[in-house]
Amino acid sequence: MISKFMEPRVANNSVIRQMFEEGKRLAKIYGAENVYDFSLGNPNVPAPEELKDAIIDILNSEDPVKVHGYMSNAGFEETRQAIADDLNRRFGTDYKWENVIMTAGAGSSLNITLKTILDPGDEVLVFAPYFVEYNNYISNYGGVPVVVSPDPESGFMPNIAEMKEKITPQTKAVIINNPNNPTGAVYPEPVIQELADALKAREQELGTVIYIICDEPYRELVYGGASVPHVPNYYDDTIIGYSYSKSLSLPGERIGYVLVPPQSDESAEFIDAVTIANRISGIVNAPSLIQLAIARCTDAKANIAFYEKNGTDLYNGLTSAGYECVKPSGAFYLWVKTPIEDDSAFAEELKEHNILVTPGSAFAGPGYIRISYCVAHETILNSMPGFLAVAQKYFK
Ligand code: PLP
């Protein structure tokens, strides 16, 4: 018999995954080329060539006992050093290898960070719309997600005024995801500065520590000159959860890290605790071969121009058909207002044209759909007649 904890989680199994399964079913009926599946954020750009070369070279030249063996639960020192060096070059910081703890991707980075800081009943603020796995990640450790409402007028920037009101003595952290899934928005420096100032003031008033947990799997996927501020340079009590799943198209490899900046609260104890959390979560350590490959490829880059073209063409096509969309500045998602209130019903209408999108309600953002544009360019071009047919019903 499954546990009471798991029962509701099984019942509410991810809408995104269900759409993905639906895509496979439709592809069997209509042929894969006639189904336009925009449901999953699975990068379709191949991982950079140098990564493959690095893996082959490591297998051919390094000691197999090292390559496939256990290492420190926080990862290989050389990988952690290479990442610290890369961050220091890019963000003017002074991280040591100890500040970087290798993980099995962003999901793991967030879980072990939350395991490190949460006691039952502690609250974690999330800004709607958001990646709803956060609810599970927080409740895994007895935490309570507190949702801050969306702010469409600002282009879905974090609603800082409401955040301030929702902070209580139980608030342990605020999660931000920049660039954002599902909106494609990038929070610029003034927004991060305002967020940092507001949290510093609340920390002082309450005499508590409130972490900003930065969920940054899309950090390198930015367009049109947007840039992602390095939050520890604005706010001391920041923890970064990074992943190479999206930036280097490696979601199946399960590789990322937690960055614990030296200026954050009790950082040495945090590093020990998060490393133990990694071990006792059963992950033990991040996969070894890909860790070694990452150490050699911190400069590798995804084909950002491909995503940018997809995003621009989709945005231009849909806005000229009458849809209201957030202009994509990062990640690979387009956030589109639905012409009817019921976003699930609207997603069903698109499905009649073999277009699969995710209803915004799956991200606590009703009245919108998310279109994931990490797809072949032809998928975007060939889906346009379907989007136009539905648009003609609602827009002049
Ligand atoms: N956070 C966000 C916002 C995501 O979109 C995803 C995956 O889609 C994750 C975390 C999990 O990423 P990973 O595959 O690295 O665990």
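Quick summary incoming for the structure in this document. The structure presented is a predicted model; accordingly, all values stated were derived computationally and were not measured. Residue indices follow the written sequence of each chain, beginning from 1 at its first position. Predicted model: local features are reported for residues with pLDDT of at least 70 only, side-chain atom pairs are reported and counted for 80 or more only, and whole-chain, interface and lining totals are derived from all residues. In computing side-chain properties, one takes all heavy atoms of the structure into account and sets aside hydrogens as well as water.

### Regarding the sheet that holds strand S9 (residues 333-337)
Strands sit in the order S9-S12-S11 across an open sheet of three strands; the sheet is antiparallel. At either end of the open sheet lies a strand with only one pairing partner, and these are S9 and strand S11 (358-359). Strand pairing is assigned whenever DSSP detects at least two bridges linking the two strands. Strands are runs of DSSP state E lasting at least 2 residues, helices are runs of H or I lasting at least 4, and numbering of each runs from the N terminus. Two elements, S11 and strand S12 (residues 368-372), share two bridges in a ladder whose sense is antiparallel. Paired with Thr 358 across the bridge in S12 is Arg 370.

### Regarding the site of the ligand
If even one non-hydrogen atom of a residue comes within 4 Å of a molecule or strand, that residue is called near it. The ligand sits among 14 residues. The nearest are Asp 215, Tyr 218, Ser 243, Ser 245 and Arg 254. What qualifies as a polar contact is a pair of N or O atoms within 3.5 Å, subject to a donor-acceptor requirement within protein and to the restriction that residues adjacent in sequence count only when both atoms come from side chains. Between Asn 181 and the ligand, the recorded distance is 2.7 Å, taken from a side-chain N or O atom to an oxygen atom. Interatomic distance of 2.7 Å between a side-chain N/O atom of Ser 245 and an oxygen atom of the ligand. Each accessible area is a Shrake-Rupley estimate made with a 1.4 Å probe; only the visible protein chains count as cover when residues are assessed. Against a free-state accessible area of 400 Å², the protein chains account for coverage of 90% of the ligand. Looking at side-chain class alone, the shell around the ligand contains five nonpolar, six polar and three charged residues. When residue character is reported, Ala, Val, Leu, Ile, Met, Phe, Trp, Tyr, Cys and Pro are called nonpolar, Asp, Glu, Lys and Arg charged, and the others, Gly included, polar.

### Here we look at the side chain of Ser 39
You can see Ser 39 is positioned in the loop between strand S1 (36-37) and helix H3 (49-61). Within polar-contact distance, the side chain of Ser 39 engages the side chain of Asp 37 at 2.5 Å.

### Brief notes about the pairing of S9
For the exposure calls, accessible area comes from a 1.4 Å probe over protein chains only, and a residue counts as buried if that area is under 20% of its type's maximum, exposed if over 50%, partly exposed in between. For S9, a buried count of four out of five residues is recorded, marking the element as mostly surrounded by other parts of the structure. In this structure, S9 lies alongside S12, joined through five bridges in antiparallel fashion. For Lys 337, the partnering residue across the bridge sits in S12 and is Tyr 368.

### Describing the environment of Met 163
Position of Met 163 relative to the elements: it lies in helix H8 (residues 160-166). You can call Met 163 buried: its relative accessible area is 0%. Once the C-alpha coordinates of Met 163 and Val 326 are considered, the two residues, 163 residues apart in sequence, prove to be 22 Å apart.

### A closer look at helix H14 (residues 377-394)
By this rule, a helix spans an expected 1.5 Å times one less than how many residues it contains. With 18 residues, H14 should reach 26 Å at 1.5 Å per residue; the first-to-last C-alpha distance of 26 Å fits that figure. Of all the bends found along H14, the most pronounced is centred on Met 384 and spans about 35°, while Pro 385, a proline, follows it within four residues. For H14, the full list of buried residues reads His 377, Thr 379, Ile 380, Ser 383, Met 384, Gly 386, Phe 387, Val 390 and Ala 391. Buried residues belonging to H14 abut S1, helix H12 (304-320), helix H13 (343-351), strand S10 (355-356) and S12. Here the bend at a residue is taken as the angle between two axes, fitted respectively to the seven residues that end there and the seven that start there. Residue contacts are counted whenever heavy atoms from the two residues lie within 4.5 Å of one another.

None of this, on its own, says anything about what the molecule does.
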